Amino acid sequence: MTTARSIASNFSVQLMGKVLSVLLGLICVAIITRALGTSAFGEYTTAVTYLQIFGVVVDFGLTLTLIVMISKPGIDEERIVGNFFGLRLVTGFLMFSLAPLTVLALPWSSTIQTAVLVGALAYFLMGGASMLVGVFQRHESMWRAALAELLNRAVLLGLTALFALTSPGVVEMVFAMVIANAVWLILMVQFASPFVKIRARFEWSQWMFILTHSWPIAISIIFNLLYLKGDILFLAYFRDQAEVGLYGAAYRILDVMTVLPTMLMGLVLPSLVAMWSAGRVEEFRTRVARIFDAFALIVIPVVVGAQLTSTELMTLIAGDDFAAAGSILTWLILALVGVFLGTLYGHLVVAINKQKIMTWGYIVVAIISIIGYMIYIPVYGMWGAVGVTLVSEALIALITFCVVYRASGSLPNLSTLFKAVVASAVMYLALVKLDVPVLIDLIVGGVVYAASLFALRAVTVKDLKVLLPTR
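Residues numbered from 1 in each chain as written. Predicted model: local features only at pLDDT ≥ 70, side-chain atom pairs only at ≥ 80, totals over all residues. Heavy atoms only, no water.

**Student:** Sorry, what's going on with the overall build of the protein here?
**Tutor:** Scanning the protein from N- to C-terminus turns up 17 helices and zero strands. Relative to its 471 residues, the protein shows a buried fraction of 52%. Restricting to contacts in the protein with at least 6 residues of sequence separation, those with at least 24 account for 84%. By element, 70% of the accessible surface of the protein is carried by carbon and sulfur atoms, the whole surface being about 19800 Å². (Helix = DSSP H or I, 4+ residues; strand = E, 2+ residues; numbered from the N terminus. Buried < 20%, exposed > 50% of the residue type's maximum accessible area, 1.4 Å probe, protein only. Contact = heavy atoms within 4.5 Å. Areas by Shrake-Rupley, 256 points an atom, 1.4 Å probe, with all protein chains shown as cover.)

Following this line, the structure appears as structure tokens:
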């Protein structure tokens, strides 16, 4: 049984692990950007983004499907996990063998092509490791997954620093990912052994059963990624790599922030599935409303604060060469509202089993986004990419909300959102005339925002208990 205490404990452990992993990741970015410069970092970003497309195709919705399937009572967990793992190995080998071949057809440099060749192995290893997170969620032992990821980031940081000192180059930075992800996969398999032995199984009937359940999620995620990462790929096709480097550096901040909603929804998804399956609709609606409150309290101050600190933040993280990315971040960060809402309602679509309906929504948004990228990026470059990204994220948030509302009647209570806006406005006024280093800005802003929330009584212990009830 998953209790409020176990969910809260898992969330705290994973949050702490994610915070440390994100910090290590940001240090890696700081090292890479300074070692490579804008143009070479653009090549690095292009190669990594290209591989991410293949990574999502390989996943084929398996990660989310595994969490849902092993959350059901009376299942043979070892058999299910083994077949998921075997299927991931086979599909990963096939797809990541194609990546270095297909990239040859694109007008990119030999450096990017070599980086894709090397990085294909890194993403193959990462796919196996990330899929196993569901096992630790199922057994309420997220500290193991958090530790494995933290060690992965530590190894990546060490190798990145080493290559930056000895032979800084795009391919070398990608090769660091290969070693770090190999360590990650080994640790995940070992850490899972007390709960289930991870042995690849190759049962065709089980694979077909898995794919029958995963394909709607897969199609949704694939089209979802087309509008999420299509901006960088089209930018790399139509513009120079220096512009890709600036845009990619700003986008890294967005990527960092998406970790939190994805992590929280991954933790609560099993209980949401259980509630909906058991017909506990009112409890389901209450939980959704509280999660919306939590997301509002997180995302609003980030968006508001970035309007004052974006340029200084980009300079701090990536170096003086990337100061121009600050103005990009000022606008790009607005997409974070859509990202948080899309993550919330996108997972709820899975919980209420409406993936097939939502597939059409993702397809429509992907088509609109691709057309937008093709029209606006050649003319406006990274600013065209920003505009289309804002529109596409807003559309996805709206469509997923409509699907969930129509099926469940779940509506947010806007009271907490209003209080988050008021508290963020107070924070903005406190910072707007403050001429101090950006780290002090962030600390002062956080204190003022938290104090304002406390004064407005935006969060209570009762709210947190409702957010994390027993199953």
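Don't stop here, the text continues.
**Student:** What is the right way to read the packing of aromatic side chains from this model?
**Tutor:** Any pair of aromatic rings gets described here by the distance separating the centres and the angle formed by the planes. Counted according to the given criterion, the structure contains 14 aromatic pairs. One aromatic cluster is present, formed by Phe-234, Tyr-237, Phe-238 and Tyr-373 through successive ring pairs. (Phe/Tyr/Trp six-rings, centres within 6.5 Å; stacked < 30°, edge-to-face > 60°.)

**Student:** Please clarify how the environment of Ile-210 should be interpreted in this entry.
**Tutor:** Within the element layout of this structure, Ile-210 appears in helix H8 (residues 204-238). In this structure, the C-alpha to C-alpha distance between Ile-210 and Leu-66, residues 144 residues apart in sequence, is 8.6 Å.

**Student:** I'm lost on the pattern of salt bridges in this one. Help?
**Tutor:** Here the idea is simple: oppositely charged side chains can pair when their charged atoms come close. Following the criterion strictly, the structure yields five salt bridges and no others. Between Arg-153 and Glu-149 there is a salt bridge, and its shortest N-O distance comes to 3.8 Å. One end of the pair, Arg-153, and the other, Glu-149, are both in helix H6 (residues 142-166), four residues apart, so they sit about a helical turn from each other. By relative accessible area, Glu-149 is classed as buried at 11%. Notably, a salt bridge pairs Glu-283 with Arg-280, separated by 2.9 Å at the nearest N-O pair. (Salt bridge = Lys/Arg side-chain N within 4 Å of Asp/Glu carboxyl O.)

**Student:** For this particular structure, what's the right way to read the side chain of Ser-310?
**Tutor:** With respect to the helices and strands, the residue Ser-310 is situated in helix H10 (residues 281-318). The buried category is assigned to Ser-310, whose relative accessible area is 4%. One polar contact links Ser-310 to Thr-330, side chain to side chain, over a distance of 2.5 Å. If we ignore the near neighbours within four places in the chain, the residues touching Ser-310 are Gly-326, Leu-329 and Thr-330. (Polar contact = N/O pair within 3.5 Å; in protein donor to acceptor, adjacent residues only side chain to side chain.)

**Student:** What is the right way to look at helix H15 (residues 414-431) in this model?
**Tutor:** Helical periodicity: at 3.6 residues per turn, an α-helix aligns residues three or four positions apart in one direction. Taking 1.5 Å per residue, 18 residues should reach 26 Å; H15 reaches 26 Å between its end C-alpha atoms and fits that length. Listing the buried residues of H15 in full gives Thr-416, Ala-420, Ala-423, Ser-424, Met-427 and Leu-431. Taken end-on, H15 shows its buried residues confined to a sector of 105°, consistent with a single buried face. Facing away from the buried surface of H15 by more than 90 degrees, the exposed residues are Leu-414, Phe-418 and Leu-429. Residues of H15 that are buried make contact with H10 and helix H16 (438-456). Between a side-chain oxygen at the N-terminus of H15 and the backbone nitrogen of Ser-415 the separation is 3.0 Å; the capping residue is Asn-413. (Expected span 1.5 Å × (residues − 1). Arc of directions from axis to C-beta.)

**Student:** Help me out: how do you make sense of the layout of surface pockets in this one?
**Tutor:** A water-sized probe, rolled over the atoms, reveals where empty space remains. For the largest pocket, the calculated volume is near 1000 Å³. Every residue lining the largest pocket is counted, 34 residues in all, and those nearest its centre are Leu-26, Val-256, Met-257, Val-302 and Leu-442. Contributions of two or more residues to the lining of the largest pocket are made by helix H1 (4-59), helix H9 (241-277), H10, H15 and H16. Among the elements that make up the lining of the largest pocket, the one with the highest residue count is H10 (eleven residues). Looking at side-chain class alone, the lining of the largest pocket contains 27 nonpolar, five polar and two charged residues. (1 Å grid on protein atoms, 1.4 Å probe; cavity = no way out; pocket = protein on both sides within 12 Å on 5 of 7 lines; lining within 4 Å. Points joined across faces, edges and corners; volume = space filled by probe spheres on them. Nonpolar A, V, L, I, M, F, W, Y, C, P; charged D, E, K, R; others polar.)

**Student:** What's the story with a nonpolar patch on the surface in this structure? I'm lost.
**Tutor:** On the surface, Trp-331, Leu-334, Ile-367, Ile-371, Ile-375, Tyr-376, Val-379, Tyr-380 and Trp-383 cluster together to form a nonpolar patch covering roughly 920 Å² of accessible area. At six residues, helix H13 (residues 355-380) tops the list of elements feeding residues into the nonpolar patch. Residue classification places Trp-331 among the partly exposed residues on the basis of a relative accessible area of 46%. (Patch = residues over 30% accessible without salt bridge, like charges linked within 9 Å, V, L, I, M, F, W, Y side chains within 5 Å.)

**Student:** What is the right way to read the packing of helix H12 (residues 335-351) against helix H14 (residues 382-408) from this model?
**Tutor:** Two quantities define a packed helix pair, namely the angle between the axes and the distance from one axis to the other. Two elements in contact, H12 and H14, have axes whose closest approach is 8 Å; the angle formed by their N-to-C orientations is 30°. By the angle between their axes, H12 is roughly parallel relative to H14. The handedness of the crossing between H12 and H14 is left-handed. Every residue of H14 that contacts H12 at Ala-335, Gly-338, Val-339, Leu-341, Gly-342, Tyr-345, Gly-346, Leu-348 and Val-349 is listed here: Thr-389, Leu-390, Glu-393, Ile-396, Ala-397, Thr-400, Phe-401, Val-403 and Val-404. When the residues that make up the contact of H12 with H14 are grouped by side-chain class, the tally is twelve nonpolar, five polar and one charged. (Axes fitted to C-alpha atoms, helices over the stretch in contact; angles between N-to-C directions. Parallel < 35°, antiparallel > 145°, perpendicular 65-115°, else oblique. Left-handed = near helix turned anticlockwise from the far one by under 90°.)

**Student:** Would you mind going over H6 with me for this structure?
**Tutor:** For H6, which comprises 25 residues, the first-to-last C-alpha distance of 36 Å matches the rise-based estimate of 36 Å (1.5 Å per residue) to within 8%. Residues of H6 that are buried include every one of Met-142, Arg-144, Ala-145, Ala-146, Ala-148, Glu-149, Asn-152, Leu-156, Leu-157, Leu-159, Thr-160 and Phe-163, and no others.

**Student:** Looking at this structure, how should I read the confidence of the model for the protein?
**Tutor:** Residues of the protein with pLDDT of at least 70 account for 87%, and the chain-wide mean is 82. Looking over the protein, one finds the lowest element-wise mean pLDDT in helix H17 (residues 461-467), namely 53, and the highest in helix H7 (residues 170-192), namely 91. (pLDDT = per-residue confidence, 0-100.)

**Student:** Sorry if this is basic, but what is going on with the packing of H10 against H16 here?
**Tutor:** Between H10 and H16, the least distance of the axes is 10 Å, while the angle of their chain directions is 165°. It follows from the interaxial angle that H10 and H16 lie roughly antiparallel. Along this stretch, H10 crosses H16, giving a crossing that reads as right-handed. Touching Ala-296, Leu-297, Pro-301, Thr-309, Glu-312, Leu-313 and Leu-316 of H10 are Val-438, Leu-439, Asp-441, Leu-442, Tyr-449 and Leu-453, all from H16. Classifying every residue of the contact of H10 with H16 by side-chain character gives ten nonpolar, one polar and two charged.

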